[in-house]
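# Tertiary structure, described
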Amino acid sequence: MIKFDDVSKIYGEKHAVDHVSMEIKEGEFFVLIGPSGCGKTTTLKMINRLIPLSSGYIYFKDQPISSYKLDEMRWDIGYVLQQIALFPHMTIRDNIAQVPLMKKWANEDIDSQVDKLLNMVGLPAEQYRNRMPAELSGGQQQRVGVVRALAADPPVILMDEPFSALDPISREKLQDDLLKLQSEINKTIIFVTHDITEAFKLGDRICLMNEGRIEQIGAPDDFLRQPNNDFVRSFIGDMSGKVSFAEDYMVNSPFDNRCPVIQPDTKMETVFKLLQLHEQLNVTSSGKHYGAITRSSVFERLSEGGNHL
Ligand code: ADP
Ligand code: MG
């Protein structure tokens, strides 16, 4: 659907994006992640030509993006900014209707599209379509921003940290909405975030960038099972902690000097490897004994089903 072929963006001496090649498939939820300044926004904006490339090619549906008429391409590619700006003097309906209007959709088609989309993101259309943006909360406005990008049914949607300004509850709700939307309408979504939990929750595949380059592309699972290098390991460190932690599997059991010692924050990946060789592991840190992990304690915890491994 979208293919990067050796794409770079250089500002003066700075390689904001440095020889990036990758392919985003149709219908995929593709997450771009990385520390601030690593080139996520630049990468995203090059796709819809908000930023010109310094070298390389980007293909949209097998044609170089430069071969498209700019307006038409932008209509095919919805864009959601971090801080969405609704037009304050227009109703919610008119805000959402902008691109369909430019595409000269019939009024009744626009109305039914607006209603469908509002309902889909939990803003009942009959209540919200005629309100002004100022009458909505920040989270609701952000939802309208997402919906607006979908209004003309673009096959591709670019989203640049769309939820980062929201409180955690609205954020989770919108993530859920977006996943549901994605499964219903099957769009190609390219989503920028710097939040690893969000990336793991949303992404079919994740592209981790660092200083303009790609460190790893893969399914969330690949990052946990086969991190490419130390940068990847440390970036997902938090996440692997959340996914599985020795501490979560401990039982009260005295120190056994025939068994190896691990730390409470040892990753379960490592724990499993050790448990293939030993019946029990001591969980001990700075001379303090916390408990033990045994084969049977792990199996019990896993079979409780409540675990997030
Ligand atoms: P991210 O979105 O990952 O935080 P950006 O893509 O915005 O990163 O920026 C990547 C790098 O390019 C940063 O070092 C940034 O300072 C630099 N940069 C971005 N835009 C410009 C610009 N217009 N002029 C000069 N440098 C820029
Ligand atoms: Mg950015």
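Residues numbered from 1 in each chain as written. Chains lettered and ligands numbered in written order. Predicted model: local features only at pLDDT ≥ 70, side-chain atom pairs only at ≥ 80, totals over all residues. Heavy atoms only, no water.

## Section: the UniProt feature "domain: ABC transporter" (unreviewed entry) in the chain
Spelled out, the test is: UniProt positions are given in the numbering used here, feature names are shortened, and annotations may be inferred rather than shown by experiment. Secondary structure is summarised from DSSP: a helix means a run of H or I of at least four residues, a strand means a run of E of at least two, and numbering begins at the N terminus for each.
Within this structure's numbering, the places UniProt gives as "domain: ABC transporter" (unreviewed entry) are residues 2-236. Spanning residues 2-236, this segment combines 40% helix with 26% strand, and its end C-alpha atoms are found 26 Å apart.

## Considering the domain arrangement of the chain
How we decide: For every domain, the bounds stem from an assignment made automatically or drawn from a database.
Domain annotation for the chain reports domain 1 (2-236) and domain 2 (244-303). For domain 1 and domain 2, the distance between their C-alpha centres works out to 42 Å.

## Here's the deal with the packing of aromatic side chains
Think of a pair of aromatic rings as described by two things: how far the centres are apart, and how the planes are tilted against each other in angle. As a reminder of what qualifies: Between the rings of Phe, Tyr and Trp (Trp by its six-membered ring), a pair exists once the centres lie within 6.5 Å; its type follows the angle of the planes, with under 30 degrees stacked, over 60 edge-to-face, and the other angles tilted. Burial classes: relative accessible area under 20% of the type maximum marks a residue as buried, over 50% as exposed, and values in between as partly exposed (1.4 Å probe, protein chains only).
Applying the stated criterion across every chain yields a total of five aromatic pairs. A centroid spacing of 5.8 Å and a plane angle of 45 degrees characterise the contact between F29 and F191, whose relative ring orientation is tilted. Of this pair, F29 sits in strand β3 (residues 29-33) while F191 sits in strand β8 (residues 188-193), and the two are 162 residues apart along the sequence. Each member of the pair, F29 as well as F191, is classed as buried.

## Observations regarding the sheet that holds strand β4 (residues 55-60)
Defined as follows: Whether two strands pair depends on DSSP finding at least two bridges between them. We call two residues contacting when some pair of their heavy atoms lies within 4.5 Å. Here an axis means a line fitted to C-alpha atoms, over the contact stretch when the element is a helix, while the angle between two N-to-C directions is reported on a 0 to 180 degree scale.
The four strands are arranged β2-β1-β4-β5 in an open sheet whose pairing can be described as antiparallel. Each of the sheet's edge strands pairs with one partner strand only, and the pair in question is β2 (14-24) and β5 (63-64). As defined by bridge partners, strand β1 (residues 2-11) adjoins β4 across five bridges and the pair is classed as antiparallel. Looking across to β4, one finds that I2 is bridged to F60. Together, β1, β2 and β4 form the strand contacts of helix α1 (residues 40-47), whose direction differs from that of β1 by roughly 120 degrees.

## A few points about the packing of helix α3 (residues 92-102) against helix α4 (residues 107-120)
Quick reminder of the rule: Note on angle classes: values under 35 degrees are labelled roughly parallel, values over 145 roughly antiparallel, values of 65 to 115 roughly perpendicular, and the remainder oblique. Crossings are sorted by hand: turned counterclockwise from the far helix by less than a right angle, the near helix makes the crossing left-handed, and turned clockwise it makes it right-handed. Note on residue classes: Ala, Val, Leu, Ile, Met, Phe, Trp, Tyr, Cys and Pro are nonpolar, Asp, Glu, Lys and Arg are charged, and everything else, Gly too, is polar.
Where α3 meets α4, the axes come as close as 10 Å, and the angle between the chain directions of the two elements is 125 degrees. In terms of their interaxial angle, α3 and α4 are classed as oblique. For the pair α3 and α4, the sense of crossing is right-handed. Every residue of α4 that contacts α3 at I92, R93, I96, A97, P100 and L101 is listed here: N107, I110, D111, V114 and L118. Of the residues belonging to the contact of α3 with α4, the class tally is eight nonpolar, one polar and two charged.

## Section: the site of ligand 1
Under the convention used in this document: Any residue with a heavy atom positioned within 4 Å of a molecule or strand is treated as near that molecule or strand. As used in this structure description, the phrase polar contact means that two N or O atoms lie within 3.5 Å; if the pair is within protein, one of them must be able to donate a hydrogen and the other to accept it, and residues adjacent in sequence are counted only when both atoms belong to side chains.
Taken together, the residues surrounding ligand 1 are Y11, K14, A16, P35, S36, G37, C38, G39, K40, T41 and T42. Taking T41, its side chain carries an N or O atom lying 2.8 Å from an oxygen atom of ligand 1. Measuring from an oxygen atom of ligand 1, one finds a side-chain N or O atom of T42 at 2.5 Å. Put simply, the parts of the chain that give the shell around ligand 1 at least two residues each are β2 and α1. With three residues, α1 is the largest single contributor of residues to the shell around ligand 1. Here the shell around ligand 1 is composed, by residue class, of four nonpolar, five polar and two charged.

## Looking at the pattern of salt bridges
What counts here: When a carboxyl oxygen of Asp or Glu is within 4 Å of a side-chain nitrogen of Lys or Arg, the pair counts as a salt bridge.
Evaluation of the coordinates by the stated rule reveals 17 salt bridges. Across the salt bridge formed by D115 and R129, the nearest N and O atoms sit 2.8 Å from each other. You can see D115 sitting in helix α4 and its partner R129 sitting in the loop between α5 (125-128) and α6 (138-150), a full 14 residues away along the chain. When the shortest N-O distance is used, the salt bridge between E198 and R171 registers 3.5 Å. Taken together, the residues span a long stretch of sequence, with E198 in helix α8 (residues 196-202) and R171 in helix α7 (residues 168-185) at a distance of 27 residues. Accessibility assignment for this pair places E198 and R171 in one class, buried. The network of salt bridges with shared partners includes D18, E211 and R213.

## Re the layout of surface pockets
Inclusion rule: For each structure, a 1 Å grid was placed over the protein atoms alone; sets of points admitting a 1.4 Å probe that cannot get out are labelled cavities, open sets with protein on both sides within 12 Å along at least five of seven lines are labelled pockets, and lining residues have an atom within 4 Å of a point. Grid points are joined across faces, edges and corners, and a volume is the space filled by probe spheres set on the points.
Space inside the largest pocket adds up to approximately 540 Å³. Along the wall of the largest pocket there are 22 residues; nearest its centre are R74, I77, Y79, V99 and R148. Taken together, the elements giving at least two residues each to the lining of the largest pocket come down to α2 (70-76), β6 (77-80), α3 and α6. Tallying contributions element by element places β6 first for the lining of the largest pocket, with four residues. Across the lining of the largest pocket, the residue classes break down as 15 nonpolar, four polar and three charged.

## Here's the deal with empty space enclosed by the protein
Taken as a whole, this structure holds one cavity of 30 Å³ or more when the rule is applied. In this structure, the largest cavity spans a volume of roughly 30 Å³. Lining the largest cavity are V121, V146, F163, L174, D177, L178 and L181. At four residues, α7 tops the list of elements feeding residues into the lining of the largest cavity. Looking at the lining of the largest cavity residue by residue, the class counts come to six nonpolar, no polar and one charged.

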